[in-house]
Amino acid sequence: MDYKEIKKAREQWSDKTLKKVLDRFPERKEQFVTGSNKEVKRLYDPLDLEDLDYLKEIGYPGDYPYTRGVQPTMYRGRFWTMRQYAGFGDAEESNKRYKYLLKNGQTGLSIAFDLPTQIGYDSDHSMSHGEVGKVGVAIDSLKDMEILFEGIPLEKVSTSMTINAPAAVLLAMYIAVAEKQGVSAAKLNGTIQNDILKEYIARGTYIFPPLPSMRLITDIFAYCSKELPRWNTISISGYHIREAGSTAIQEIAFTLANGIAYVDAAVKKGLDVDKFAPRLSFFFNAHNDLFEEVAKFRAARKLWAKIMRDRFGAKNPKSIMLRFHTQTAGCTLTAQQPDNNIIRVTLQALAAVLGGTQSLHTNSRDEALSLPSQKAVRIALRTQQVIAHESGVTETVDPLAGSYYIEKMTKEIEDAVMDYINQIEKLGGAPKAIEKGFIQREIQNSAYQYQKDVEDKKRIIVGVNQFESEEETMKDLLKVNPEIEKQQIKKLEEVKNNRDESKVKESLHLLKQAASSDKNVMPFIMDCVKGYATLGEICDQLREIFGEYKDSIKI
Amino acid sequence: MKKSRIRVLVAKPGLDGHDRGAKVIARALRDAGMEVIYTGLRQTPEQIIEAAIQEDVNVIGLSILSGAHMYIFPKIIKMLEERKMTDIMVIAGGIIPIEDISELKKMGIKEIFTPGTDTKKIVKFIKTNVAVA
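Throughout, residues of each chain are indexed from 1 in the direction in which the sequence is written. Here every chain gets a letter starting at A, and every ligand a number starting at 1, in the order they are written. Side-chain atom pairs in this predicted model are given and counted only at pLDDT of 80 or more, local residue features only at pLDDT of at least 70, and totals for whole chains, interfaces and linings cover all residues. Derived side-chain values reflect all non-hydrogen atoms in the structure, with water molecules and hydrogen atoms excluded from consideration.

On to the overall build of chain B, then. Across its full length, chain B holds five helices and five strands. Going from N to C terminus, chain B has its helices and strands arranged as β-α-β-α-β-α-β-α-β-α. With the radius of gyration taken over C-alpha atoms, the globule rule is written as 2.2 Å times the number of residues to the power 0.38. Computed over C-alpha atoms, the radius of gyration of chain B comes to 13 Å, within 12% of the 14 Å expected from 2.2 N^0.38 for 133 residues, which places it in the range of a compact globule. Seen through its principal axes, chain B has C-alpha atoms that stretch 35 × 35 × 25 Å. Exposure is judged per residue with a 1.4 Å probe applied to protein chains only, and the accessible area is read against the type maximum: over 50% gives exposed, under 20% gives buried, and values in between give partly exposed. The buried share among the 133 residues of chain B stands at 57%. For chain B, long-range pairs separated by at least 24 residues make up 74% of all intrachain contacts whose partners lie at least 6 apart in sequence. We get accessible surface area from the Shrake-Rupley algorithm with a probe of 1.4 Å; when it comes to residues, only the shown protein chains can shield them. In the structure as shown, chain B presents an accessible area of about 5,900 Å², 52% of it carried by carbon and sulfur atoms. Only DSSP runs of H or I covering at least 4 residues are called helices, and only runs of E covering at least 2 are called strands; the numbering of each starts at the N terminus. Should any heavy atoms of two residues lie within 4.5 Å, those residues are considered in contact.

Pasting the structure below:
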């Protein structure tokens with residue numbers, strides 16, 4: 001390409017064609033910015049990519065640095081997994097919702113647990129009051145997990161579980177249910193979120209302090225690399241960081257910094273990087289700014305490939321490629337004119353697909369008002385199906401590659417993310433940066449800035465700060481049965497009355513011993529779970545040894 | 001004791017970890033000249049009441065997005081009544097379905113702010129309804 005010629009032509013265009021128009025019609029704004037406040041130029045052209053080496057920086061899909069995707073054929077081979085996050089009430093009710101979703105063409109399960117389960121409390125704990133079965137399904141013991149997956153063949157579905165602090169316990173329960181179905185652990189497909197660092201940063205369902213939490217995570221890595229070779233042992237999540245108010249750049253920066261911390265911890269424990277790293281997976285947010293989001297996903301893949309190859313010396317391509325799940329941005333959903341959310345979700349889902357996601361959850365239009373109703377969930381799933389089967393964007397790999405804007409922004413995001421990662425390194429890595437409150441502060445500043453921009457109408461949110469209208473209130477919102485809590489406590493009592501108490505005590509005692517030694521706790525948790533020890537009992541043993549995390553927040 | 005600035009306790013009761021809204025509002029209220037104390041996550045009603053006494057606040061702002069509001073908010077209101085602390089104004093926000101709002105207001109929560117509310121509206125509401133000496 002003759003850049004001199006282009007430069008000349010560009011100057012001419014600028015002096016003549018452009019100037020003439022600008023003189024008569026000024027642009028809408030002084031400055032244009034992305035959803036993350038990055039400046040957007042009027043126009044991008046080959047000059048923006050003059051220094052970009054196609055083969056080194058972009059390359060071919062399925063090959064290093066995976067900028068264009070992790071598979072050579074992408075959606076021509078197989079669509080992404082359509083995976084709607086669901087779960088509420090008790091195990092029976094959630095089991096029905098999963099069967100409904102599978103019947104409607106969903107291809108993987110994604111389990112939402114209620115808050116007591118996520119924080120390691122049984123349903124009868126005083127802190128659980130009012131929360132049982134609310135934001136997900138209540139699981140107290142193996143009994144509930146058996147009901148949850150009743151009639152769902154675990155060798156056929158892949159199951160993602162949003163569980164972090166007590167991930168080892170829920171994974172053990174899943175393995176035990178599979179065994180009862182006659183499915184060996186080696187055949188299980190799925191993911192546990194198991195990403196504690198972002199819980200301290202943004203999501204809040206921590207139990208133990210960072211050090212023992214990291215130990216639990218590396219125990220899971222080691223156990224799964226032997227017993228569950230197809231299981232994704234962690235889903236390193238930027239989703240909640242973004243929901244907490246970060247920019248796209250911060251989302252990737254803090255997520256990859258957390259990823260580095262996990263790999264570091266596992267390597268320090270003596271694990272071989274190419275044994276565990278192939279099962280690391282990621283989870284990102286898809287926000288409204290279509291092109292910025294696509295560039296973000298591409299930059300994330302490229303950065304992780306570089307980090308794994310150059311910093312950790314990984315050789316297995318599977319260790320180097322960043323595979324990710326995406327969820328559309330819950331924080332963009334509005335309570336006002338909720339039907340508009342369907343359009344927002346469509347744009348966000350499109351960004352995820354154009355960015356090469358491996359699986360996708362689309363939010364429901366009513367989620368700024370309550371838990372999603374069945375009808376709203378179906379529209380959300382249909383949105384994915386329309387993109388997959390009707391839009392045509394899936395027919396070629398990475399269709400936006402080569403766009404001057406997309407490639408330039410991919411590069412700019414990459415550079416900005418690296419700056420952050422270096423800054424975090426200087427603070428001593430992600431765990432230290434979290435301890436110092438650096439990451440939380442950066443996110444809070446962005447969140448506050450965003451709110452001010454909306455209130456100053458620098459950002460227009462349709463139906464919220466412009467185009468408001470009187471509207472009818474939305475009907476058919478989902479209500480969780482208020483009796484669930486009582487029923488769940490009764491079920492828990494029954495489980496406790498019907499188990500071999502001395503066996504439970506013995507297994508809990510052995511777990512406690514293992515936790516205070518350097519043994520891998522997974523086999524001990526398996527034994528507890530199989531004897532119907534409850535989640536709360538198991539976590540209490542660990543609390544006694546590990547202690548509990550206390551957040552020190554500053555605003 | 002004479003107070004010159006409005007003092008607000010922003011609290012996250014229950015197990016909910018969504019605190020973006022609570023933190024944004026805490027900062028907006030502070031920028032509007034109020035003294036703001038943020039409790040952090042996982043506060044029991046007892047802890048919230050205790051903090052309100054300790055900090056001698058005029059306002060308690062509660063935030064829940066987990067759906068537990070119909071259990072936890074009434075508990076807090078009841079405890080305030082029992083301790084004759086009803087001079088403290090309680091406001092709330094989060095994912096609160098419309099049919100719950102009127103019920104909560106009847107119970108004594110002065111106002112409920114749902115997603116999309118302008119922080120200036122909350123500032124104005126507090127300044128209009130709280131008189132400080």
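If you look at the biggest cluster of nonpolar residues, it comprises 172 residues, and the most contacted ones within it are Met145(A), Leu256(A), Trp304(A) and Ile126(B). The greatest single-element share of this core, amounting to 12 residues, is contributed by helix H6 (residues 167–180) of chain A. Each domain span listed reflects an automatic or database assignment of domains. When residues are assigned to domains, this core turns out to be shared by domain 2 (54–455) and domain 3 (498–546) of chain A, each giving three or more. Leave out the neighbours within four places in its chain, and Trp304(A) touches Leu256(A), Gly259(A), Ile260(A), Val263(A), Leu280(A), Phe282(A), Ser319(A), Ile320(A), Met321(A) and Leu322(A). The next biggest cluster of nonpolar side chains, apart from the first, holds 26 residues, and it includes Leu9(B), Ile77(B), Val90(B) and Ile112(B). We call a set of buried Ala, Val, Leu, Ile, Met, Phe, Trp, Tyr and Cys residues a nonpolar core when their side-chain atoms join them within 4.5 Å.

Residue and element names in this part refer to chain A. Across the interface, helix H10 (residues 248–268) lies against helix H12 (residues 290–311) with an axial gap of 10 Å and an inter-helix angle of 25 degrees. Relative to H12, H10 is oriented roughly parallel. Between H10 and H12 the crossing geometry is right-handed. Between H10 and H12, the contacting residues are Ala248, Glu251, Ile252, Leu256, Gly259, Ile260, Val263 and Asp264 on the first element and Glu292, Glu293, Lys296, Ala300, Leu303, Trp304, Ile307, Met308 and Arg311 on the second. For this classification, Asp, Glu, Lys and Arg are treated as charged, while Ala, Val, Leu, Ile, Met, Phe, Trp, Tyr, Cys and Pro are nonpolar and the rest, including Gly, are polar. Of the residues contributing to the contact of H10 with H12, the split by class is 10 nonpolar, one polar and six charged. To get an axis, a line is fitted to the C-alpha atoms, and for a helix only the part in contact is used. The angle between two axes follows their N-to-C directions and goes from 0 to 180 degrees. Working rule for angles: under 35 degrees goes down as roughly parallel, over 145 as roughly antiparallel, 65 to 115 as roughly perpendicular, anything else as oblique. Crossing chirality is assigned from the near helix's rotation relative to the far helix, an anticlockwise turn below a right angle marking it left-handed and a clockwise turn marking it right-handed.

Here the focus is helix H21 (residues 522–530) of chain A. All names here are of chain A. Residues of H21 that are buried: Met522, Ile525, Met526, Cys528 and Val529. With its buried residues spanning 165 degrees around the axis, H21 presents them on a single face. Taken together, the buried residues of H21 touch helix H5 (142–148), H6, helix H8 (210–227), helix H20 (501–516) and helix H22 (535–546). Looking one or two residues beyond H21, the residue adopting positive phi is tyrosine 532, at roughly 65 degrees. Here the arc refers to the directions that run from the helix axis out to each C-beta atom.

On to the sheet that holds strand S3 (residues 59–64) of chain B, then. Residue and element names in this part refer to chain B. Judged by pairing direction, the sheet is parallel, and its five strands sit side by side in the order S2-S1-S3-S4-S5 without closing on themselves. Of all strands in the sheet, those with a lone pairing partner are strand S2 (35–38) and strand S5 (111–113), marking the two edges. Taken pair by pair, the neighbouring strands of this sheet meet at an average axis angle of 20 degrees, ignoring direction. Two strands pair when backbone bridges link them, and strand S1 (residues 7–11) and S2 are joined in this way by four bridges, in the parallel orientation. Bridge pairing in S2 places arginine 7 opposite glutamate 35. Most of the contacts of helix H5 (residues 119–129) go to strand S4 (residues 89–94), to which it runs at about 165 degrees, and overall it touches S3, S4 and S5. DSSP calls a pair of strands paired once it identifies at least 2 bridges connecting them.

As a measure of interface size, the accessible area lost when the parts come together is often cited. Tallying the contact residues gives 41 residues for chain A and 37 residues for chain B. In this description, buried area is defined as the sum, over both parts, of the accessible area (probe of 1.4 Å) that is lost when the two are combined. Both sides of the chain A and chain B interface together cover about 3,300 Å² of buried area, and 57% of this is carbon and sulfur. Broken down residue by residue, the surface that chain A buries against chain B is led by Tyr448(A), Glu455(A) and Ile555(A), which jointly contribute 23%. The term salt bridge refers to a pairing of a side-chain nitrogen on Lys or Arg with a carboxyl oxygen on Asp or Glu at a separation within 4 Å. If you look at where chain A meets chain B, you find one salt bridge. A salt bridge links Lys120(B) to Glu455(A), with the shortest nitrogen-to-oxygen separation between them at 4.0 Å. Polar contact is the term for a pair of N or O atoms within 3.5 Å; when the atoms are in protein, one must be able to donate a hydrogen and the other to accept it, and sequence-neighboring residues count only if both atoms are side-chain atoms. Counting across the chain A and chain B interface gives 11 residue pairs in polar contact (both at pLDDT 80 or more). Looking at the side of chain A that touches chain B, the elements that each hand over two or more residues are helix H4 (115–118), helix H7 (197–203), helix H9 (239–243) and helix H18 (438–455) of chain A. The leading source of residues in the side of chain A that touches chain B is H18(A), at seven residues. Class assignment of the residues belonging to the side of chain A that touches chain B gives a composition of 21 nonpolar, 11 polar and nine charged.

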